[in-house]
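Chain residues, written in single-letter form:
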Amino acid sequence: MGLHGVKAVFFDLDNTLIDTAAAGRRAIEEVISALQSKHHYGEEEACSICDKVQAKLLKECHDPAKMCITDLRISHWEEAIQETIGGEANRDLAAECYYLWKTTRLQHLTLAEDTRAMLTELRKGLRLLLLTNGDRQTQREKIEACACQPYFDAVVVGGEQKEEKPAPSIFHYCCDLLGVQPAECVMVGDSLDTDIQGGLNAGLKATVWLNKAMTAPVDTAPVPHYIISSVLDLPAVLQKMEHNINAKLGTDHMASSNEAH
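Note that this is a predicted model, so its numbers are computed, not measured. (Residues numbered from 1 in each chain as written. Predicted model: local features only at pLDDT ≥ 70, side-chain atom pairs only at ≥ 80, totals over all residues. Heavy atoms only, no water.)

## Section: the overall build of the chain
Heads up, the rule is: Per the convention used, a helix needs a DSSP run of H or I reaching at least four residues, while a strand needs a run of E reaching at least two, with both numbered from the N terminus. Any residue under 20% of the maximum accessible area for its type is buried, any over 50% is exposed, and the rest in between are partly exposed; the area is computed with a 1.4 Å probe on protein chains only. We call two residues in contact when some of their heavy atoms are within 4.5 Å. Positive charges come from Lys and Arg, negative ones from Asp and Glu, while His and the chain ends are left out of the count. To locate a charge, take atom NZ for lysine, CZ for arginine, CG for aspartate or CD for glutamate.
What the chain contains, in helices and strands, is nine helices and six strands. Counting every position in the chain, which comprises 261 residues, the buried fraction comes to 45%. Considering only contacts within the chain whose residues lie at least 6 apart along the sequence, 64% involve residues at least 24 apart. Side-chain charges of the chain comprise 25 positive and 38 negative groups, with the mean position of each set lying 4 Å from the other.

## Considerations on the sheet that holds strand β3 (residues 154-157)
This is how the line gets drawn: Following DSSP output, two strands are said to pair if at least two bridges run between them. Each axis is a line fitted through C-alpha atoms, taken for helices only over the stretch in contact, and angles between the N-to-C directions span 0 to 180 degrees.
The strand order β3-β2-β1-β4-β5-β6 describes an open sheet built from six strands, whose pairing is parallel. Strand pairing shows two members of the sheet lacking a second neighbour, β3 and β6 (226-228), which therefore form its edges. Each strand of the sheet is rotated relative to its neighbour by a mean of 20 degrees, with strand direction disregarded. Inspection of the sheet shows strand β2 (residues 127-132) paired to β3 by four bridges, in the parallel sense. Residue pairing for β3: leucine 130 is matched across the bridge by valine 155. Sheet strands touched by helix α7 (residues 168-178): β1 (8-11), β2, β3 and β4 (185-189). Its angle to β2, the strand with the most contacts, is close to 150 degrees.

## Side note on the packing of aromatic side chains
Basically, it comes down to this: Classification of ring pairs rests on two measures: the distance between centres of Phe, Tyr or Trp rings, Trp counted by its six-membered ring, which must be within 6.5 Å, and the angle between planes, read as stacked under 30 degrees, edge-to-face over 60 and tilted in between.
In this structure the tally under the stated criterion is three aromatic pairs. With centroids separated by 6.1 Å and ring planes inclined at 35 degrees, the aromatic side chains of tyrosine 98 and tryptophan 101 adopt a geometry described as tilted. With tyrosine 98 and tryptophan 101 both in helix α4 (residues 91-107) and three residues apart, the pair spans about one turn of that helix. For tryptophan 101, a relative accessible area of 5% corresponds to the buried category.

## Comments concerning the environment of alanine 94
The residue alanine 94 is located in helix α4 in this model. Separated by 16 residues in the primary sequence, alanine 94 and glutamate 78 place their C-alpha atoms 4.8 Å from one another. Excluding anything up to four places from it in sequence, alanine 94 contacts Ile74, Trp77, Glu78 and Ile81.

## A word on the packing of helix α3 (residues 69-85) against α4
Threshold: These descriptions rest on fixed angle ranges, namely under 35 degrees for roughly parallel, over 145 for roughly antiparallel, 65 to 115 for roughly perpendicular, and the rest for oblique. Here a crossing is taken to be left-handed if its near helix is turned anticlockwise relative to the far helix by less than a right angle, and right-handed if that turn runs clockwise. Gly is placed with the polar residues, together with every amino acid not listed as nonpolar (Ala, Val, Leu, Ile, Met, Phe, Trp, Tyr, Cys and Pro) or charged (Asp, Glu, Lys and Arg).
Two numbers describe how α3 lies on α4: the axes approach to 8 Å, and their chain directions differ by 120 degrees. Taken as axis vectors, α3 and α4 run oblique relative to one another. For the crossing formed where α3 meets α4, the hand is right-handed. Contact residues: α3 offers Thr70, Asp71, Arg73, Ile74, Ser75, Trp77, Glu78 and Ile81, while α4 offers Arg91, Leu93, Ala94, Ala95, Cys97, Tyr98, Tyr99, Trp101 and Arg105. Looking at the contact of α3 with α4, its residues break down into 10 nonpolar, two polar and five charged.

## Considerations on the pairing of β1
Residues Ala8 and Phe10 line one face of β1 and the alternating positions Val9 and Phe11 line the opposite face, and both faces are buried. Both β1 and β2 contribute to a ladder of four bridges, which runs parallel. By the bridge assignment for β2, phenylalanine 10 is matched with leucine 129. Pairing of β1 with β4, which is carried by four bridges, proceeds in the parallel orientation. Directly across from phenylalanine 11, in β4, lies its bridge partner valine 188.

## So, the nonpolar core
Basically, it comes down to this: Nonpolar cores are built from buried Ala, Val, Leu, Ile, Met, Phe, Trp, Tyr and Cys residues. Side-chain atoms within 4.5 Å join them into one set.
Counting 35 residues, the largest nonpolar core has Val9, Phe11, Leu130, Phe152, Val186 and Leu234 as the members making the most contacts within it. Core analysis: the next-biggest nonpolar cluster, separate from the first, contains 20 residues, Ile32, Val53, Ile74 and Ala95 among them.

## What about the pairing of β3?
Just so we agree on the cut-off: Here, the term right-handed applies to a crossover whose path from the first strand over the helix to the second runs clockwise when the strands point away from the viewer.
Neither face of β3 is open: one carries Ala154 and Val156, the other Val155 and Val157, and all of them are buried. In this region the chain leaves β2, passes through helix α6 (residues 136-146) and returns to the parallel neighbour β3; the handedness of that crossover is right-handed.

Take a look at the structure:
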């Protein structure tokens, strides 16, 4: 594609390139089914346990120096079971639920064929980098599960860095990895708070917000340069950017020619 001014595109992973939310729903369904059929919990109890775990995952604060992600997440299940059922803590059942949830989720994380094709085509003219927040182990397992690494020039996991998105430092680290300037890069992601705010903080050329539901952001949210409803719409946005840049170059050239006379 060889865009004037754009040399690299940074992609978020979860719910941008892969549908982590859908995979998570499938995983929860599996655990609910197992709790009912194998452990004879009622549907209401099984659903309550899973709802509590999902709430804990949303609020999760993880310090890998203090506890590995596996132990933390087994504890989520252990607490949820105890909060729902009462009685003694059941670490064995908690571990069983966690591993079923985890393996099912990973099995359903796939990089769609049309997304693979788009990345392959984009990479002919641009450098591509995967930039994902999250625990090192968790994110590396997802990357392996969806087999996306071959499509990128570099992969950066927030949990392996000093700071995660939206801190400018991680974006500047990515630029250094690829040997490009922030003003030559575009960030694509589904999170206004991390992907878009981070791209703005770091002074990237453009930010592209993937808004699948096309919901209206709150007034205080950061404002992306472009909004798309599918990641497959990205090439059209990049072409639009190229057209705008070329038009500006033409205008600047005409202005300088006029000045010369």
